[in-house]
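In case you want the letters, here they are:
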Amino acid sequence: MLVISSREFRQNQRMYFEKVDNGEQIIVQRGKDKSYALTPIKAEDIYFNEEMVRKIKKSAKQAKDGQFIEISTSKEIKELLGL
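What comes next concerns the included structure. This one's a predicted model, so the numbers in the text were calculated from it and none came from an experiment.

1. Details of the overall build of the chain
Working step 1: Helix and strand counts for the chain stand at four helices and three strands.
Working step 2: Element order for the chain, N to C, with α for helix and β for strand: β-α-α-β-β-α-α.
Working step 3: A compact globule built from 83 residues should have a C-alpha radius of gyration of about 12 Å, whereas the chain, at 22 Å, is more than 25% larger.
Working step 4: Taking the principal axes of the C-alpha coordinates as reference, the chain spans close to 55 × 30 × 20 Å.
Working step 5: When burial is assessed residue by residue, the chain has 11% of its 83 residues classed as buried.
Working step 6: Contacts in the chain between residues at least 24 apart in sequence constitute 21% of all its contacts with a sequence separation of at least 6.

This is the structure in structure tokens:
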């Protein structure tokens, strides 16, 4: 793990991104009490990927077609969740 200042990161961003791409953990310190971890993001890490958009569109169509369960009490929520 490598801990660097935000100034050092700004001056050498490319080098630190390459280190992260190669599996090294980089922590950027900003002031005395703030730190940030550099982490690469993969397609499957993004919540609104193509699969999620398809699921949302399918759910919207089901709701439009009346294919839904209306729940209004905590008892109904527990029953739905099997609690």
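Structure shown, so let's carry the discussion forward.
2. Some thoughts on the packing of aromatic side chains
Working step 1: The tally for this structure, following the rule as stated, stands at one aromatic pair.
Working step 2: Aromatic pair Phe-9 and Phe-17: ring centres 5.5 Å apart, planes at 90 degrees, arrangement edge-to-face.
Working step 3: The class of Phe-17 is partly exposed, set by a relative accessible area of 39%.

3. Here's the deal with the pattern of salt bridges
Working step 1: On inspection of all chains with the given rule, the structure shows three salt bridges.
Working step 2: For Glu-51, the salt bridge is made with Lys-55, and the minimal N-O distance between the two is 3.5 Å. Remark: Lys-55 and Glu-51 occur in helix 3 (residues 50-64); sequence separation between them is four residues, near one turn of the helix.
Working step 3: Relative accessible area serves as the criterion here: at 41%, Glu-51 is assigned to the partly exposed category.

4. Description of the environment of Lys-75
Working step 1: Within the secondary structure, Lys-75 is located in helix 4 (residues 74-81).
Working step 2: We classify Lys-75 as exposed; its relative accessible area is 56%.
Working step 3: The spatial distance from the C-alpha of Lys-75 to the C-alpha of Glu-24 is 49 Å, given a sequence separation of 51 residues.

5. Remarks on the sheet that holds strand 2 (residues 26-30)
Working step 1: Across the sheet, which stays open at both edges, the three strands sit in the order 1-2-3 with mixed pairing between neighbours. Only two strands of the sheet have a single partner each, and these edge strands are strand 1 (2-5) and strand 3 (34-38). Neighbour-to-neighbour, the strand axes of this sheet turn through a mean angle of 30 degrees, independent of strand direction.
Working step 2: As defined by bridge partners, strand 1 adjoins strand 2 across four bridges and the pair is classed as parallel. From the neighbouring strand, Ser-5 faces strand 2, where its bridge partner is Gln-29.

Cut-offs applied
- Residues numbered from 1 in each chain as written.
- Predicted model: local features only at pLDDT ≥ 70, side-chain atom pairs only at ≥ 80, totals over all residues.
- Heavy atoms only, no water.
- Helix = DSSP H or I, 4+ residues; strand = E, 2+ residues; numbered from the N terminus.
- Rg over C-alpha atoms; globule rule 2.2 N^0.38 Å.
- Buried < 20%, exposed > 50% of the residue type's maximum accessible area, 1.4 Å probe, protein only.
- Contact = heavy atoms within 4.5 Å.
- Phe/Tyr/Trp six-rings, centres within 6.5 Å; stacked < 30°, edge-to-face > 60°.
- Salt bridge = Lys/Arg side-chain N within 4 Å of Asp/Glu carboxyl O.
- Pairing = 2+ DSSP bridges.
- Axes fitted to C-alpha atoms, helices over the stretch in contact; angles between N-to-C directions.

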